Amino acid sequence: MSSSNPLRDAQDRRLPRIAGPSGLVIFGVTGDLSRKKLMPAVYDLANRGLLPPGFSLIGFARREWEDEDFADEVYRAVKEHSRTPFRDEVWQQLSQGMRFVQGDFDDDEAFETLKKTMQELDAAQGTGSNFAFYLSVPPKFFPLVVQQLKKHNLADQKDGSWRRAVIEKPFGHDLASAKDLNEIVHEVFAPDQVFRIDHYLGKETVQNILALRFANTLFEPVWNRSYVDHVQITMAEDIGIGGRAGYYDGIGAARDVIQNHLLQLLALTAMEEPAAFDANALAAEKTKVLGAVRLPKDLAKSTVRAQYAAGWQGGAKAVGYLEEEGIDPKSTTDTYAAVKLEIDNRRWAGVPFYLRTGKRLGRRVTEIAVVFQRAPHSPFDHTATEELGQNALVIRVQPDEGVTLRFGSKVPGTSLEVRDVSMDFAYGESFTESSPEAYERLILDVLLGDANLFPRTEEVELSWKILDPIEQFWAKHGKPAQYESGTWGPVEADDMLARDGRSWRRP
Ligand SMILES: NC(=O)c1ccc[n+]([C@@H]2O[C@H](COP(=O)([O-])OP(=O)(O)OC[C@H]3O[C@@H](n4cnc5c(N)ncnc54)[C@H](OP(=O)(O)O)[C@@H]3O)[C@@H](O)[C@H]2O)c1
């Protein structure tokens, strides 16, 4: 039944959003990310009927593969990693549009072959010359691949068709390199053609921050300095660096996680309500709040970096970071980083935001905890509330997705004692639908040209502007602290909060 508002019917956000005629070119298609996340996500989208019938997938890498070898590899990746069940009819249709282009990124001939392959797919599959280029390649190759796309006229949007670039993280390793990369990318692609991946933004729970805050009346009135004591944003991993020594050493926890994921979570938690739920309005609010972030003056007291030492993790012995294979025994790279930030605006003045991330911590968990002030006055005897903590709203981003509200409640019995209890919303219990993988959502958004969940140039640069002074301070001052594997980080991080009369949550 149609409503009386034709505009609303035309834009009903509950209807499935299906991509129009298009194709995806994955550079670095033989890599880890492509195998574990991108290829399965493409299949899952096809399985959910969200891709056009002639959707095409072109893989680009150096391996000497034919189209059939590539299709076999995609098949294996899909069987192993896709979220939705395997259906042969979906696979048969999807595999019609798969091609492989072999070559090095500096190989002009390979890019000409790519161009011909795209034209051939336009004719055979009806892709309408609409292609997204996914740069799933080591970051040092981002500039080269973008320049090759320009040189071979692959970024040109002719006759109403579109071309888009999807760029993986890390986007630069400091402000200067991020600016350089932005300049190179924008010489070739207009801002609305560029999609920078922060896969956290593709997660349901992260998008739910906006729903929680702005679709309800309950939370927003207390979401400010009058009621909030502080905010803790945590991304903890229980694994070490695995086989990624080459990537990780020299980058570290702050650049790998705080610059992108945690500052994006901070922006969504702290920003003002956008005028509309669209890319421009969201980016404007995120940019405004990131621009208002201030580092405390004394970085020695308000930042901590550390490396994991040997210990026990999940019942197994774990080696320290400096003993990991491929790591320079003198490395000063941080595997743990904690920072205290403040936000200079009316809503948040004086409310610290504590951000921490680390490897080989007690548990794998990502959460945002908004911790409220204590009641200004308690009519209860102080012994009655000894066990009462501060009220908190915890947005559990992963793995146990949901929201917890912690508050005090009377302990049953004849005496009066107030203790913390929790009220829980769990995605798994409230919804029968399972959440799509972040990469499913993000790839679909790229094909639809929907940029809501992709950080813009300004956001990336502002994030580096926040982190650069911290990295420079660390580079100049001393060595990282140490923490035992399997614990919740270094004692210096506990001291940092203790100085403010607070403590970290143990999720
Ligand atoms: N892995 C993750 O979980 C993850 C998470 C977040 C972000 N990322 C980002 O995603 C991107 C890809 O990561 P990854 O782990 O998949 O990397 P990876 O396993 O090292 O894969 C790199 C890919 O690039 C290709 N390649 C490398 N040099 C090349 C050259 N000169 N010419 C042509 N192809 C070349 C390799 O193919 P051949 O060797 O076959 O040529 C391979 O397909 C990186 O930017 C990374 O920072 C990864």
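Residues numbered from 1 in each chain as written. Predicted model: local features only at pLDDT ≥ 70, side-chain atom pairs only at ≥ 80, totals over all residues. Heavy atoms only, no water.

An unreviewed UniProt entry lists the protein under the name Glucose-6-phosphate 1-dehydrogenase, with Streptomyces lichenis given as the organism. Under Pathway (unreviewed entry), UniProt gives the following word-for-word description of the protein: "Carbohydrate degradation; pentose phosphate pathway; D-ribulose 5-phosphate from D-glucose 6-phosphate (oxidative stage): step 1/3." (UniProt positions renumbered as here; feature names shortened; annotations may be inferred.)

Undergrad: How should the overall build of the protein be read in this particular structure?
TA: Check the secondary structure of the protein and you find 16 helices and 18 strands. For a compact globule of 507 residues, the expected C-alpha radius of gyration is about 23 Å, and the protein comes in at 24 Å, within 12% of that figure. In terms of overall dimensions, the protein has C-alpha extents of about 80 × 65 × 45 Å along its principal axes. Out of the 507 residues in the protein, the part that is buried amounts to 53%. Counted over contacts in the protein with a minimum sequence separation of 6, partners at least 24 positions apart contribute 78%. Carbon together with sulfur atoms contributes 50% to the accessible area of the protein, which is approximately 23,600 Å² in total. (Helix = DSSP H or I, 4+ residues; strand = E, 2+ residues; numbered from the N terminus. Rg over C-alpha atoms; globule rule 2.2 N^0.38 Å. Buried < 20%, exposed > 50% of the residue type's maximum accessible area, 1.4 Å probe, protein only. Contact = heavy atoms within 4.5 Å. Areas by Shrake-Rupley, 256 points an atom, 1.4 Å probe, with all protein chains shown as cover.)

Undergrad: Before we go on, may I ask you to explain the environment of Val185 in this structure?
TA: Take Val185: it is sitting in helix α7 (residues 175–188). The class for Val185 is buried, based on a relative accessible area of 0%. Separated by 133 residues in the primary sequence, Val185 and Pro52 place their C-alpha atoms 28 Å from one another.

Undergrad: Is there a simple way to explain the site of the ligand in this structure?
TA: Residues in close proximity to the ligand total 22 residues, the closest being Thr30, Arg62, Arg63, Val137 and Lys169. Gly31 is positioned with one of its backbone polar atoms (N or O) 3.0 Å from an oxygen atom of the ligand. If the ligand stood free it would expose 890 Å²; the protein chains cover 81% of that surface. Split into classes, the residues belonging to the shell around the ligand amount to 11 nonpolar, 5 polar and 6 charged. (Near = heavy atom within 4 Å. Polar contact = N/O pair within 3.5 Å; in protein donor to acceptor, adjacent residues only side chain to side chain. Nonpolar A, V, L, I, M, F, W, Y, C, P; charged D, E, K, R; others polar.)

Undergrad: Teacher, can you tell me more about the UniProt feature "binding site: NADP(+)" (unreviewed entry) in the protein here?
TA: Residues annotated in UniProt with the feature "binding site: NADP(+)" (unreviewed entry) correspond here to Arg62, Asp104, Phe105 and Lys169. Note that Asp104 resides in the loop between β3 (98–102) and α5 (108–125). Every residue in contact with Asp104, bar those within four places of it in the chain, is listed here: Phe60, Arg62, Ala110 and Phe111. Looking at Lys169, the relative accessible area reads 23%, which means it is partly exposed.

Undergrad: Hey, could you run me through the packing of aromatic side chains in this one?
TA: By convention here, two paired aromatic rings are described through the distance between centres and the angle between planes. Under the criterion given, the structure shown has 22 aromatic pairs. Plain terms: the ring middles of Phe195 and Phe454 are 5.0 Å apart, the flat faces sit at 85 degrees to each other, and that makes the pair edge-to-face. With Phe195 in strand β6 (residues 194–196) and Phe454 in the loop between α14 (438–448) and α15 (457–476), this residue pair connects regions lying 259 residues apart in the sequence. The same class applies to Phe195 as to Phe454, namely buried. Between the aromatic rings of Tyr427 and Phe431, the centroid separation amounts to 5.8 Å while the plane-to-plane angle is 40 degrees, which identifies the pairing as tilted. Judged by relative accessible area, Phe431 falls into the partly exposed class, the value being 41%. Grouping aromatic residues by their ring pairs yields a cluster made of Phe27, Phe60, Phe105, Phe111, Phe133 and Phe141. For Lys79, the ring lying beneath its charged end belongs to Phe86, and the centroid distance is 4.5 Å. The ring of Phe171 has Arg196 sitting right over it, with the charged end atom 4.9 Å from the ring centre. (Phe/Tyr/Trp six-rings, centres within 6.5 Å; stacked < 30°, edge-to-face > 60°. Lys NZ or Arg CZ within 6 Å of the ring centre and 35° of its normal.)

Undergrad: What is the right way to read the side chain of Asp229 from this model?
TA: Relative to the assigned elements, Asp229 resides in strand β7 (residues 228–236). Judged by relative accessible area, which is 17%, Asp229 ranks as buried. Non-local contacts of Asp229, meaning those with residues more than four positions away in its chain, are made with Val351, Pro352, Val371, Phe372, Gln373, Gln390 and Arg502.

Undergrad: What am I meant to see in the domain arrangement of the protein here?
TA: You'll often see interface size given as the accessible area lost when the parts meet. Domain assignment breaks the protein into domain 1 (19–168) and domain 2 (201–436 + 457–498). Placing a centre on the C-alpha atoms of domain 1 and another on those of domain 2 gives a separation of 35 Å. (Domains from an automatic or database assignment.)

Undergrad: In this structure, what is going on with unusual backbone geometry? I would like to understand it.
TA: A negative phi angle characterises most non-glycine residues, just as the trans form characterises most peptide bonds. Note that the residue after Lys169, namely Pro170, is joined by a cis bond; omega there is 0 degrees. Looking at the secondary structure, you find Pro170 in the loop between β5 (163–167) and α7. The omega torsion across Gln398 and Pro399 is 0 degrees, close enough to zero to call that bond cis. One can find Pro399 in the loop between β15 (392–398) and β16 (402–410).

Undergrad: Could you clarify how one ought to interpret the packing of α7 against α15 in this entry?
TA: Relative orientation and spacing of two packed helices are given, respectively, by the angle between their axes and the distance between those axes. Axis separation between α7 and α15 bottoms out at 9 Å; the angle between their running directions is 165 degrees. The orientation of α7 relative to α15 falls into the category roughly antiparallel. Judged by the sense of rotation from one axis to the other, the crossing of α7 with α15 is left-handed. Between α7 and α15, the residues in contact are Leu175, Ala178, Lys179, Asn182 and His186 and Thr457, Val460, Glu461, Trp464, Lys465 and Asp468, respectively. (Axes fitted to C-alpha atoms, helices over the stretch in contact; angles between N-to-C directions. Parallel < 35°, antiparallel > 145°, perpendicular 65-115°, else oblique. Left-handed = near helix turned anticlockwise from the far one by under 90°.)

Undergrad: I keep staring at helix α3 (residues 67–81) and nothing clicks. Help me out?
TA: Residues spaced three or four apart along an α-helix point in a common direction, a consequence of the helix completing one turn every 3.6 residues. Over its 15 residues, α3 extends 21 Å from the first C-alpha to the last, a length consistent with the 21 Å expected when each residue adds 1.5 Å. Within the sequence span of α3, burial applies to Phe70, Ala71, Glu73, Val74, Ala77 and Val78. The arc enclosing the buried residues of α3, seen along the axis, measures out at 160 degrees, which places them on a common side. Turned more than 90 degrees away from the buried face of α3 sit Glu68 and Glu80, all of them exposed. Looking at the buried side of α3, the elements it contacts are α2 (32–47), β2 (56–61), α4 (88–96) and β3. (Expected span 1.5 Å × (residues − 1). Arc of directions from axis to C-beta.)

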